[in-house]
Structure formats: structure tokens, C-alpha cells
Amino acid sequence: MSRVYNFSAGPSMLPEAVLKRAADEMLDYQGSGQSVMEMSHRSKVYDSIIKEAEALLREVMNIPDNYKVLFLQGGASSQFAMIPLNLMTKNGKADYVVTGQWAKKAYKEASRYGECKVIASSEDKTFSYIPKLDKSTFTKDADYFHICMNNTIYGTVYHELPDTGDVPLVADISSCILSEPIDVSKFGVLYAGAQKNMAPAGVTIVIIREDLIGDAQEITPTMFNYKTHADNDSMFNTPPCYTIYMAKLVLEWVKNEIGGLEKMKELNEKKAKLLYDFLDSSKLFKGTVVKEDRSLMNVPFVTGDAELDAKFVKESVEAGFVNLKGHRSVGGMRASIYNAMPYEGVEALVEFMKKFEAENA
Ligand SMILES: *Cc1c(COP(=O)(O)O)cnc(C)c1O
């Protein structure tokens, strides 16, 4: 068996220990005589899996008691509608910061359900930075303020949160969940599709302050109402059972193997530093993002020559590094180095880049 170093932006690498554990338990989950894929979601054995997944998430992320954790489907993209349908109900207004395509999609979708304002955008420079925000431009009576915390395509991250006062801050954390500690109490809602840093595709995590549940717009479909899922412990209908089980294994890995999110952050910083330091010293490659807003998770870079970029991507695949091709809107390359990417993977990539640079100088 030979496994490649997979730099995909999502779905992405899972920790090898988690995959092995899942393989071991595939046919007979802890003496139940069944695979987790086969069991009733109403069974006792499955109930303990989903409860444990929630308890682990609460522990690892230090989620306060006045927040609900929901396991939903429909991806982060469904949250682009669920957020306004459930929250844009007092004054019918919301503020958005547009820092990339996901943030823009969230803004566009929400605009169908109320009055949305773009407070700032970094589209003028291909979303290569996080715009400075001026609090005096925020809508005083907005129902919420939305940001995309880590911009997967462009490789930027907020190092400082906007001060929204009493207006609930809502954040898409799809590509940075579990990568470092987050002070959940600063947010009204956090949401994430799992397939970047937490599990295979199929489950969407919503962490929502309890007082924001129960006041959805009249037109809200039952399945899009947070209250439906909060009242039924994410069991109103069949949850994505196996994916939640995989999330549980990943959370156990973060807690027991890594030692929690502070440790996870240290490892991620060490990995990212290796790559960024090389980019800063290279004469051929350069990062596309302003230094102060660089993401720990997604690292886009270019040579400045589209043909050379294509050559690099082609040769990288042959050398066992896959999914390094950048998003079509940025071009060049992007290395997504989520939690499961080992330090050795980034080390090997940097060595390969050095060799490519020497050969193509
Ligand atoms: C991948 C991603 C999405 C889209 O997630 P889906 O689960 O495919 O809907 C949204 N936001 C961010 C930040 C992402 O990285």
C-alpha cells in the first residue's frame, strides 16, 4: 500500500490512525455484530456514538452550556440560507464581509431573505487580504453580522474578530474548525461543513447560542429550522450516521493523540511556518496573500508563469503530491495543510519545491 500526500482543499486527508480504526470496526462495531453504516439511528449503540461525538466536540472546543450543537446535512452551503431564515427576523437586516467566494455566496443567498449590506470586500485584489473594518459603518440594528473566518480558496484568515457589540457574530468556520482554539462565547453561531478538517463529507456542524433558536421566519421549511433539530437532539430525521461516527473518531484523535486544540495549533503553526518561510525565501515561488492575513490551513502560491505552474502541478503528481492545483480564480497552486497533514508531508513538499526551483531557475 502506498499513500500519497493529499493537499486537497476538501474533502481532504483524514488522520491515518482514524482510517485504521474505522477499518478495524467496519464489520463489527464494538461487539454489536454490525457496521455503524448498518445500524438503526434509534438504537442504543448508535445513540451512544452521537452523544459521545457531541460531548467530545463540547470538550475539545470548550463550548459553553448555553450553546446547542447540531449535526445537520446540506453542507455549509445550506447554512447560507438557514442563517438568514432563522436569524434575520427582528429587523430583517444583516451585515456581511465579503472575503471570498464562500462569503459572497453566503451574502447573495441571505439577500433573498432580507436586507443585507456588504460592510467591506477584498474582491478588488482577488481576495488576497482581510479588509480593515470600520465599526461606524456597521448596521446598528442588524440581526447578525456574518464573516467567513478562514477563506479556503484564497488562503486568508481573520486574526482579529470584528467588534459587533450586541449584534450576534456569525462565522463560517468550515476550513478552520478544530485547527486552533476558538472562543465560542464571542459568537452567536458557528457553522462548518465537516469535510475539510473533521470528517468525510456529509455532516454540517452548527454551534448556536440558545437564545437565537425559535424565532425563524414563517416561510422556513421544517428541516431548515434550527428549532426542529435542537428539540430533537439532531434526530428529527435520520442523521448522517457514519459521518458523525467518523467525526467522533477524529475528535478522539484530536483529544488523545494530539492533546487538544492548543497543541493542534502549535503543530499547525509549525507546518505552516515551514512552507511560508520557504515561499518568502524562494526566488521562484511566492505566496499570494498579504503576510498578516495568512491562513494556517490553505496556502496558495504561484511562480508568476502559468506554464511553469502547470509543469509544477504535473510533476508534483508524479512525485506523489496530489491536489496541489490552485483554484481557477487564483491560478497557480494551493497546498491545503489541514490537521491530518503530517509535518513530514509539508517537509517533503518543500524539498520537492526546492528541487523544482533548482531545475527551473
Ligand atoms: C468548502 C466550504 C464551503 C462549502 O461547503 P459545502 O459543505 O460544500 O456546502 C463553504 N464555506 C467554506 C469556508 C468552505 O471552505
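Criteria and thresholds
- Residues numbered from 1 in each chain as written.
- Predicted model: local features only at pLDDT ≥ 70, side-chain atom pairs only at ≥ 80, totals over all residues.
- Heavy atoms only, no water.
- Near = heavy atom within 4 Å.
- Polar contact = N/O pair within 3.5 Å; in protein donor to acceptor, adjacent residues only side chain to side chain.
- Areas by Shrake-Rupley, 256 points an atom, 1.4 Å probe, with all protein chains shown as cover.
- Nonpolar A, V, L, I, M, F, W, Y, C, P; charged D, E, K, R; others polar.
- Domains from an automatic or database assignment.
- Contact = heavy atoms within 4.5 Å.
- Buried area = accessible area lost by both parts, 1.4 Å probe.
- Salt bridge = Lys/Arg side-chain N within 4 Å of Asp/Glu carboxyl O.
- Helix = DSSP H or I, 4+ residues; strand = E, 2+ residues; numbered from the N terminus.
- Phe/Tyr/Trp six-rings, centres within 6.5 Å; stacked < 30°, edge-to-face > 60°.
- Buried < 20%, exposed > 50% of the residue type's maximum accessible area, 1.4 Å probe, protein only.
- Lys NZ or Arg CZ within 6 Å of the ring centre and 35° of its normal.
- Disulfide = S-S within 2.5 Å.
- 1 Å grid on protein atoms, 1.4 Å probe; cavity = no way out; pocket = protein on both sides within 12 Å on 5 of 7 lines; lining within 4 Å.
- Points joined across faces, edges and corners; volume = space filled by probe spheres on them.

Caption draft 1: Quick look at the site of the ligand. Close contacts around the ligand come from 13 residues, with Ser77, Thr152, Asp172, Gln195 and Lys196 the closest. Ser77 places a polar side-chain atom, nitrogen or oxygen, 2.6 Å from an oxygen atom of the ligand. Contacts to the ligand include Asp172, whose side-chain N or O atom sits 2.6 Å from a nitrogen atom. When the ligand is considered free in solution it has 390 Å² of accessible area, and contact with the protein chains removes 87% of it. For the shell around the ligand, the residue count by class is 4 nonpolar, 7 polar and 2 charged.

Caption draft 2: Fine view of the domain arrangement of the protein chain. Each assigned domain of the protein chain is listed here: domain 1 (24-257) and domain 2 (259-360). Between the C-alpha centres of domain 1 and domain 2 there is a distance of 27 Å. On the domain 2 side, the residues contacting the 29 residues of domain 1 number 26 residues. Between domain 1 and domain 2, a total of about 2,200 Å² is buried, with carbon and sulfur atoms accounting for 55% of that surface. Along the contact surface separating domain 1 from domain 2 lie 1 salt bridge. We note a salt bridge from Lys265 to Glu180, for which the minimum N-O separation is 3.8 Å. Linking domain 1 to domain 2 there are 16 residue pairs in polar contact (both at pLDDT 80 or more). Mapped onto the side of domain 1 that touches domain 2, the elements with two or more residues apiece are helix H2 (44-61), strand E6 (150-151), strand E7 (156-157) and helix H6 (241-258). Here the side of domain 1 that touches domain 2 takes 5 residues from H6, the largest share from any one element.

Caption draft 3: Quick look at the packing of aromatic side chains. Inspection of the entire model under this criterion finds 17 aromatic pairs. Arranged with centres 5.2 Å apart and planes meeting at 70°, the rings of Phe285 and Phe312 form a pair that is edge-to-face. Within this pair, whereas Phe285 is found in the loop between helix H7 (261-281) and strand E11 (286-287), its partner Phe312 is found in helix H8 (residues 306-318), the two being separated by 27 residues in sequence. The pair formed by Phe285 and Phe312 is uniform in burial state, with each residue classed as buried. A ring pair is formed by Phe312 and Phe356, whose centres lie 5.1 Å apart and whose planes are at 85°; its orientation type is edge-to-face. Here Phe312 is found in helix H8, whereas its partner Phe356 is found in helix H9 (residues 343-359), with 44 residues between them in sequence. Phe356 shares its class with Phe312; the two are buried. Cluster of aromatic residues (ring-pair linked, three or more members): Tyr5, Phe7, Phe278, Phe285, Phe301, Phe312, Phe321, Phe352 and Phe356. Geometry around Tyr129 places Lys125 over its ring, the cationic atom sitting 5.9 Å from the centre.

Caption draft 4: Summary view of the state of the cysteines. This structure, assessed with the given rule, holds 0 disulfides. Cysteine Cys116 shares no disulfide, and the gap to the nearest cysteine sulfur, in Cys148, comes to 15 Å. We classify Cys116 as buried; its relative accessible area is 15%.

Caption draft 5: Spotlight on the layout of surface pockets. Put simply, the largest pocket is a space of about 440 Å³. Considering the residues around the largest pocket, the lining is formed by 23 residues, among which Val157, Tyr158, His159, Glu180 and Lys265 are closest to the centre. For the lining of the largest pocket, the leading source of residues is H7, giving 5 residues. Residues that form the lining of the largest pocket fall into these classes: 11 nonpolar, 3 polar and 9 charged. For the lining of the largest pocket, the two domains that each supply at least three residues are domain 1 (24-257) and domain 2 (259-360).

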